There are 2 protein chains.
Amino acid sequence: MGLFIKHAISEAEKGLAEGGIPIGAVLVCDGKVIGSGHNRRIQNGSSILHGEMDAIENAGRLASSIYKRCVLYTTLSPCSMCAGAILLYKIPHVIIGENTTFMGEEELLISRGVKIEVLHDEHCIKMMRDFISANQGLWSEDIGE
Amino acid sequence: MGLFIKHAISEAEKGLAEGGIPIGAVLVCDGKVIGSGHNRRIQNGSSILHGEMDAIENAGRLASSIYKRCVLYTTLSPCSMCAGAILLYKIPHVIIGENTTFMGEEELLISRGVKIEVLHDEHCIKMMRDFISANQGLWSEDIGE
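Keep in mind the model is a prediction, meaning the values are calculated, not measured.

The next subject is the interface of chain A and chain B. Taken together, the contact between chain A and chain B spans 34 residues of the former and 34 residues of the latter. Contact with chain B buries surface across chain A, with Ile48, Arg61 and Leu88 of chain A losing the most and accounting together for 24% of the total. Between chain A and chain B we count 4 salt bridges in total. Its salt-bridge partner being glutamate 141 of chain B, residue arginine 61 of chain A comes within 2.7 Å of it at the nearest N-O pair. When contributions to the side of chain A that touches chain B are tallied by element, the ones reaching two or more residues are helix 2 (41-44), helix 3 (51-58), helix 4 (64-67), helix 5 (80-88) and helix 8 (136-142) of chain A. Looking at side-chain class alone, the side of chain A that touches chain B contains 16 nonpolar, 9 polar and 9 charged residues.

Pasting the structure below:
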């Protein structure tokens, strides 16, 4: 498995250890991690810090020329909000751990020219399956359902 | 002019007075403001706290049943990220101060069933025109261009 998706998974596991929702993400530019993060709904009482948003926020303020050279690694298929952030900053490439437990806005991203790769990673799937089955209400809140 | 768009404008003006980008938003549920905010790119060094995101974040963690009764007021047409947050939480109605200086993802929102009203408010237009003409680089950064 690639180093960067491993990094995203370690972010998800960090979130889980904090009592949070286990979704992590890493923003990579020119082969270097420039931002990493995980879902902070529980930890920060946040409705906007999904894993991808946290990684983008932690990368700080960037020029558009930087985002255009980035790959975003995320353990789970990006929801509408995270997909919207990807489109806003024109991040051209997204590598997704899994889309079995939640199918995000992959079609929208593809229709706007974003390259999407789905790894169908068993560890990512198990991590979310276990979490969702034990925390259905919290999970529904996180995806607005 | 309606009270809630006035509130959003006052948030934008607060942001401007702080040295920030003058875009404000208010989340209203059952006729009451439950969250308000403004763009915090400068103030917080944030790439994700657009006005609408800040208002949604400041409303705190909410059940989907609450968002479905909300109207989001924003001084400017929502970008992809903010539109994505609106879609994630299924906020059914968005009232927009203006879309002259920036046209956001209104078509996407409409295609997903969100009711959009644009007020074409002259004060909102002038506020953004003045800001953009004096801060072109910063504005480009905020919209990923």
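It is worth spelling out the nonpolar core at this point. Within the largest apolar cluster, 78 residues are counted, with the highest numbers of intra-cluster contacts made by Ile91 and Trp139 of chain A together with Ile91 and Trp139 of chain B. Contact partners of isoleucine 91 of chain A, with chain neighbours within four places excluded, come to Leu27, Ile56, Tyr67, Cys70, Leu72, Ile86 and Val114 of chain A.

Residue and element names in this part refer to chain B. In spatial order, the strands read 2-1-3-4-5; together these 5 strands make up an open sheet with mixed pairing. If you trace the sheet from one side to the other, it starts and ends with strand 2 (32-38) and strand 5 (115-118), each paired once. Adjacent strand axes in the sheet meet at a mean angle of 15° when their direction is disregarded. Summarising the sheet, strand 1 (residues 24-29) and strand 3 (residues 70-76) pair through 5 bridges and their orientation is antiparallel. Its bridge partner being in strand 3, alanine 25 is matched across the sheet by threonine 74. Across the face of the sheet, helix 3 (residues 51-58) comes into contact with strand 1, strand 2 and strand 3 while running at roughly 135° to strand 2.

A separate point is the relation of the copies chain A and chain B. When chain A is fitted onto chain B, the two copies agree to an RMSD of 0.0 Å after a turn of 180° and an axial shift of 0.0 Å. Seen this way, the second copy is the image of the first under a two-fold rotation axis. Closest to the rotation axis within chain A is the C-alpha of glycine 84 of chain A, separated from it by 2.4 Å. In this assembly, 100% of the residues forming the interface of chain A have copies in chain B that are likewise at the interface, indicating an isologous arrangement.

Take the side chain of glutamate 52 of chain B next. All names here are of chain B. Along the chain, glutamate 52 falls in helix 3. At 11 Å, arginine 41 is the nearest oppositely charged side chain to glutamate 52, a buried residue that forms no salt bridge. If sequence neighbours within four positions are ignored, glutamate 52 has contacts with Ala25, Leu72, Thr74, Leu76, Ser77, Pro78 and Cys82.

Conventions used here
- Residues numbered from 1 in each chain as written.
- Chains lettered and ligands numbered in written order.
- Predicted model: local features only at pLDDT ≥ 70, side-chain atom pairs only at ≥ 80, totals over all residues.
- Heavy atoms only, no water.
- Contact = heavy atoms within 4.5 Å.
- Buried area = accessible area lost by both parts, 1.4 Å probe.
- Salt bridge = Lys/Arg side-chain N within 4 Å of Asp/Glu carboxyl O.
- Helix = DSSP H or I, 4+ residues; strand = E, 2+ residues; numbered from the N terminus.
- Nonpolar A, V, L, I, M, F, W, Y, C, P; charged D, E, K, R; others polar.
- Core = buried A, V, L, I, M, F, W, Y, C linked by side-chain atoms within 4.5 Å.
- Buried < 20%, exposed > 50% of the residue type's maximum accessible area, 1.4 Å probe, protein only.
- Pairing = 2+ DSSP bridges.
- Axes fitted to C-alpha atoms, helices over the stretch in contact; angles between N-to-C directions.
- Least-squares fit on C-alpha atoms with pLDDT ≥ 70 in both.
- Lys, Arg positive; Asp, Glu negative; His and termini not counted.

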